[in-house]
Amino acid sequence: MKIRRPRLPRTRAGQRRLVQSVMAACMLALLPATWLYVSTADRLRTTADAPRTPVAVVFGAGLWNGEPSPYLAHRLDAAAKLYRADRIEVVLVTGDNSREDYDEPDAMRAYLTRHGVPGTRIVSDYAGFDTWDSCVRARKIFGVDRAVLISQDFHIRRAVALCEAAGIDSYGVGVAAKHDVTWYYGGTREVFAAGKAALDAVLRPDPRFLGPKERGVSRALAAGR
């Protein structure tokens, strides 16, 4: 079976229309990424100038042999630094625990306690399957209305935009990372993830798992007073 090659227009008018169509498609594809940059322009901080907020939200980034991956470890290091600087009171760790042999939140908790954050100041969200789910659950399940979000620099804008859409007054701390293959993959992935983020912000779907409200954050805050 022969596969026919697409035929390019032979007339100048047809070629012009083709170029215009390609340019329009490219502009539409880049609109979500542009929205992320514009909407979060004044919401990015560093560990040195992050505003004092009750809660820091750390997003999962994978495990290596049951331990936080280097990218996730850098996020947790930033959270521990903010806690020691008295800029946050509670850390909400949100990640994937969809199967018994994979538990991001517990691995994140263990790492933070080894780095000086008391276990009573750590709250775990075991159903943070993606960024939107984590943001919605932080607001609806854990009652977070203001937070510093911690992730890699290529992901932090999307996290801030989605948590803002979910009703959380958010500031983002983008953790620097070595520009290796993972970094370039993450940056490229964000271009495509921006489209889903825009749809999530507009349509506001329910998370994959919502469940009952939990008082972990409020209890942790009260214990620290």
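What follows is about the pairing of strand E2 (residues 55-59). Burial within E2 is extensive, with five of its five residues counted as buried. Here E2 shows a buried face lined by Val55, Val57 and Phe59 and a second buried face lined by Ala56 and Val58. Two strands pair when backbone bridges link them, and E2 and strand E5 (residues 90-94) are joined in this way by five bridges, in the parallel orientation. Bridging from a neighbouring strand, alanine 56 pairs with valine 91 of E5. Judged from the four bridges that link them, E2 and strand E7 (residues 146-152) form a sheet pairing that is parallel. Residue pairing for E7: valine 55 is matched across the bridge by alanine 147.

So, on to the layout of surface pockets. By volume, the largest pocket is sized at about 750 Å³. Together, 35 residues line the largest pocket, and Gly60, Ala61, Arg75, Arg158 and Arg189 are the ones closest to its centre. Among the elements that make up the lining of the largest pocket, the one with the highest residue count is helix H6 (residues 181-203) (nine residues). Among the residues forming the lining of the largest pocket, the class breakdown is 13 nonpolar, twelve polar and ten charged.

Together, Leu199, Val202 and Leu203 make up a nonpolar patch on the protein surface, roughly 350 Å² of accessible area in all. Here leucine 199 falls in the exposed class, since its relative accessible area comes to 53%.

So, on to unusual backbone geometry. For asparagine 65, which is not a glycine, the phi torsion comes out positive at approximately 50°. Tracing the backbone shows asparagine 65 in the loop between strand E3 (63-64) and strand E4 (67-68). With a phi close to 60°, aspartate 86 is a non-glycine residue in the positive phi region. Relative to the helices and strands, aspartate 86 is located in the loop between helix H2 (70-84) and E5. On the basis of relative accessibility, which here comes to 47%, the residue aspartate 86 falls in the partly exposed class.

Looking now at the nonpolar core. Counting 28 residues, the largest nonpolar core has Leu92, Val144 and Leu149 as its most contacted members. Listed by contribution, the elements that provide at least two residues to this core are E2, E5, helix H4 (131-140), E7, helix H5 (156-165), H6 and helix H7 (216-223). The biggest single contributor to this core is H5, with six residues. In this view, valine 144 contacts Val55, Leu92, Ala138, Arg139, Ile168 and Val217; residues no more than four positions away in its chain are not counted. By size, the runner-up hydrophobic cluster in this structure holds 26 residues, among which are Ala56, Leu82, Met108 and Val117.

Rules behind the numbers
Residues numbered from 1 in each chain as written. Predicted model: local features only at pLDDT ≥ 70, side-chain atom pairs only at ≥ 80, totals over all residues. Heavy atoms only, no water. Buried < 20%, exposed > 50% of the residue type's maximum accessible area, 1.4 Å probe, protein only. Helix = DSSP H or I, 4+ residues; strand = E, 2+ residues; numbered from the N terminus. Pairing = 2+ DSSP bridges. 1 Å grid on protein atoms, 1.4 Å probe; cavity = no way out; pocket = protein on both sides within 12 Å on 5 of 7 lines; lining within 4 Å. Points joined across faces, edges and corners; volume = space filled by probe spheres on them. Nonpolar A, V, L, I, M, F, W, Y, C, P; charged D, E, K, R; others polar. Patch = residues over 30% accessible without salt bridge, like charges linked within 9 Å, V, L, I, M, F, W, Y side chains within 5 Å. Areas by Shrake-Rupley, 256 points an atom, 1.4 Å probe, with all protein chains shown as cover. Salt bridge = Lys/Arg side-chain N within 4 Å of Asp/Glu carboxyl O. Core = buried A, V, L, I, M, F, W, Y, C linked by side-chain atoms within 4.5 Å. Contact = heavy atoms within 4.5 Å.

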